[in-house]
Amino acid sequence: MAKYNIPLKTNTFKEDQIEEDLQIPVADIPEKKVKKPRKAKAEKSKKEKRIPTEEELAKREQRLRVVGLFFLLLAIYLLFSFSSYIQTWKADYSYTDTVFKHFSFDHLFDNKFPVENWMGKMGALMAYLFISKWFGIASFLFIVLLFNSGMKLFFGITIFPAWKTMEYCFFGILWTPVFLGLLIPDNDLLSGIYGFQMNLWGAEFIGTSGLGLLLGFAFLSFLILAFNIPFRWFKSGKKIEIPIEEIMPEPEKDISFNTYTDNTAPLTNEFDLDLPKSEPDPIAGPSGIELLIEQPKEDDTESEKEIIGHQTLDTKYDPTLDLSGYKFPPLDLLNDYGGLDAVNVRKEELEANKDKIVQTLGNYDIRIQKIKATIGPAVTLYEIVPEAGVRISRIKNLEDDIALSLAALGIRIIAPIPGKGTIGIEVPNQHPEIVSIKSLLASEKFKSTSFELPFVMGKTISNETFIADLAKMPHLLMAGATGQGKSVGLNTIITSLLYKKHPSQVKFVLIDPKKVELTLYSKIERHYLAKLPDSEEAIITDTKKVIRTLNSLNIEMDSRYDLLRDAQVRNIKEYNEKFFSRKLNPNEGHKFLPYIVLVIDEFADLIMTAGREIETPLTRLAQLARATGIHLIIATQRPSVNIITGTIKANFPARIAFRVISKIDSRTILDSSGADQLIGRGDMLLSTGSDLIRIQCAFVDTPEIDKVTEFIGSQRGYPSAFALPEYYDEEGGPNKEFDPDQKDEFFNEAARLVIQHQHGSTSLIQRKLKLGYNRAGRIIDQLEAAGIVGPFEGSKAREVRFKDLASLEQHLNELGEI
């Protein structure tokens, strides 16, 4: 009877190790009875739930502001009443005491009963009630509560945290009068009747000394719980070790990042520039410019948490439980460079550029009907609508003349803009802004995205946050001249994935021929990096190791395709969903497959040193690896045709071009011009196959990456980096001579298995014999040395040199195996 090894709360790190905690026969597993949902109640509840309208929300906000204003005024009134009562309580005592003993409305409105309190009779009565009758001098804490709540409701300003303020104030209101009553007895002004009575009862019940000890205990307990005082000075010389499980319970799984609110959020501004056809509008200004500003929606700063519950057979498999205590890096580790503020582009600059564009076109007898400006972080897009009969090619040919009149670098004309009936003229701003990656990662658009491998790239020319999915691209080619932003772009993509994906969900293979760009990521080796089993460093810099790594990724890809075929799915997403639902048996070799992202920082250097040995396995990965979750990011500073060949370009539909020197380089990368007209410093064009998108790349500095990797590396990680399959080249491969004394104990069984299936592959031996990939690879090498299977042929399966078991047995007898 078959038995299933079903992974529960913890997952194994090694493939050779098989858990035996739960061995349940298939026939003994009862079927779970699924209750049919009550549709009527569900539909009823859905109908009853109604989203409030904008008018209702506005009225609710008005009511809250009225309540906040009332709290503020009441706090001020009580402040003056209490302060005055401390000085005038003796003069007003006869009046207040008489009112509370023999209440009459005549005491409130009759002039025969004067008081000296600053806030009149009501102020004297309220001060007498709070201070003398109730809590003494501690009544001033009520003013703190009212003022803090009023500021929050009316102005939206949080002076102190609401719940903490309530806790501290109420403790002070209850504890302070008793302490003052014990310290200075018979003083109603300090302790009030509450403090006096509590001292009286306490002295009768536990004595005066006992009451003092109780107050001391309450005060120290409050300090410990409220301010988390560790009392390290009480430590003795002997070290006491406490299991970490007892002092650090399993934390909640936070599926979102730490919240971050950018109060200076950028505005997505579009400006309609009125042409000077008639008299200028006094509101719009002398040049007829009118500003239409669209306010962006505020990001929701509430972080949602998903609690890790008890794992059962019906619970979906969760790979993140291997590192359940992992914490995503907080946004505070990143710098805020001021964000984007489109208003920084002055109206005078917009008006001057508009006049120069209109004047230059008018000099060539080209009339326009309308002009509109959209301000981006570094470039402003002027959209013009020409009059009927004007040929677009005439405007396109005036690109240099417009650049001369504007005296600006990087004028780019889009004629026409795809999807619009306008012609675009992109003009660099005089004071470009830095796009901070912190503001992009904190945006609600990024936090709520459902992409598989999301990353923020920057801001578009319309000030929109640009988010892309590497899993859909499926590979990315980046090129540009030296110092134009390629390395920053790579760091932006990697940092985005570090802030969004758990270490169990994505692994990086980093290749850095320059040896200086990606070294900072070595700190997260045991969390996010993948490498060859015999490699000491996770950041690959040697060309020979690059060749071995690329061939190893090909082996990993073939192994994954075998798993997809056995699971009868088409891609890694469907496979993992099936594995999460526990529909795939781990005893048959199935396992969770993380995404693998291959990053090559300088591709040109590898092509110059290795050439064909690099291009062949890399091209195969680009053609086939998408479905198995292996994605490529390649960057180069030499966009020439011998580096970015036609084969490479055909498999990289998504391409990013930073500023280049010539139009030839731009056409090599994007198949069109435009990259030579960029202004540099992160200004780039993204081609997705259909159109070009101009983006200002987000900026992340080296010290920021250092802090992020340090935060991740300081946490508990896996025992080692993610192990790629072993690959032996011709020079460094294993000994091809067969040695019977060194054969594996599963050698004979593996040989018969290969003959029966007529398929010689490592993954077949791994699945059928339930072995680890490395051990299965050594067995297949021994089968090759024994002449049972042929050599490795890349994507093809190894040649099986025997057709039946009888011929195999005869061959083994000749080798002296039986």
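Overview of the structure. None of the values given here were measured: they were computed from a predicted structure. (Residues numbered from 1 in each chain as written. Predicted model: local features only at pLDDT ≥ 70, side-chain atom pairs only at ≥ 80, totals over all residues. Heavy atoms only, no water.)

On to the packing of aromatic side chains. All told, the structure shown has 20 aromatic pairs when counted by the stated rule. Ring centres 4.7 Å apart and planes at 90 degrees place the aromatic pair F154 and F155 in the edge-to-face group. Its relative accessible area of 25% is what places F154 among the partly exposed residues. Exposure remark for F155: the relative accessible area of 48% places this residue in the partly exposed category. Relative to F328, the ring of Y326 lies with its centre 5.4 Å away and its plane at 80 degrees, an arrangement referred to as edge-to-face. By relative accessible area, Y326 is classed as buried at 9%. In this structure F328 comes out as buried when scored by relative accessible area, which is 14%. (Phe/Tyr/Trp six-rings, centres within 6.5 Å; stacked < 30°, edge-to-face > 60°. Buried < 20%, exposed > 50% of the residue type's maximum accessible area, 1.4 Å probe, protein only.)

This brings us to the pattern of salt bridges. Enumeration over the complete set of coordinates arrives at 27 salt bridges. Across the salt bridge formed by K523 and D706, the nearest N and O atoms sit 2.1 Å from each other. Remark: D706 occurs in helix α23 (residues 702–713) and K523 occurs in the loop between β12 (506–511) and α16 (525–528); sequence separation between them is 183 residues. Taking the relative accessible area as the measure of exposure, K523 reaches 32% and is therefore partly exposed. Among the salt bridges present, the one from D781 reaches R798, with a minimum N-O distance of 3.9 Å. Taken together, the positions of D781 in helix α26 (residues 773–785) and R798 in the loop between α26 and α27 (805–814) put the pair 17 residues apart, joining distant regions of the chain. Among the residues examined, R798 registers a relative accessible area of 12% and is labelled buried. Salt bridges sharing common partners tie together R412, E426, D683 and R694. (Salt bridge = Lys/Arg side-chain N within 4 Å of Asp/Glu carboxyl O. Helix = DSSP H or I, 4+ residues; strand = E, 2+ residues; numbered from the N terminus.)

Read from one edge to the other, the open sheet built from 9 strands follows the order β10-β9-β18-β17-β16-β11-β15-β14-β12, with strand pairing classed as mixed. Since the sheet does not close on itself, it has two edges, and those belong to β10 (465–469) and β12, each with one partner. If you compare each strand with its neighbour and ignore which way they point, the axes differ by 30 degrees on average. Pairing between strand β9 (residues 454–460) and β10: 5 bridges, direction antiparallel. Opposite G458, over in β10, you have F466 as the bridge partner. Strand contacts of helix α17 (residues 543–567): β12, β14 (595–600) and β15 (630–636), with the helix running at about 155 degrees to β14, the strand carrying the most contacts. Seen against the sheet, helix α20 (residues 612–624) touches β14 and β15 and runs at an angle of roughly 130 degrees to β15. (Pairing = 2+ DSSP bridges. Axes fitted to C-alpha atoms, helices over the stretch in contact; angles between N-to-C directions. Contact = heavy atoms within 4.5 Å.)

By themselves, these observations are geometric and do not establish any function.
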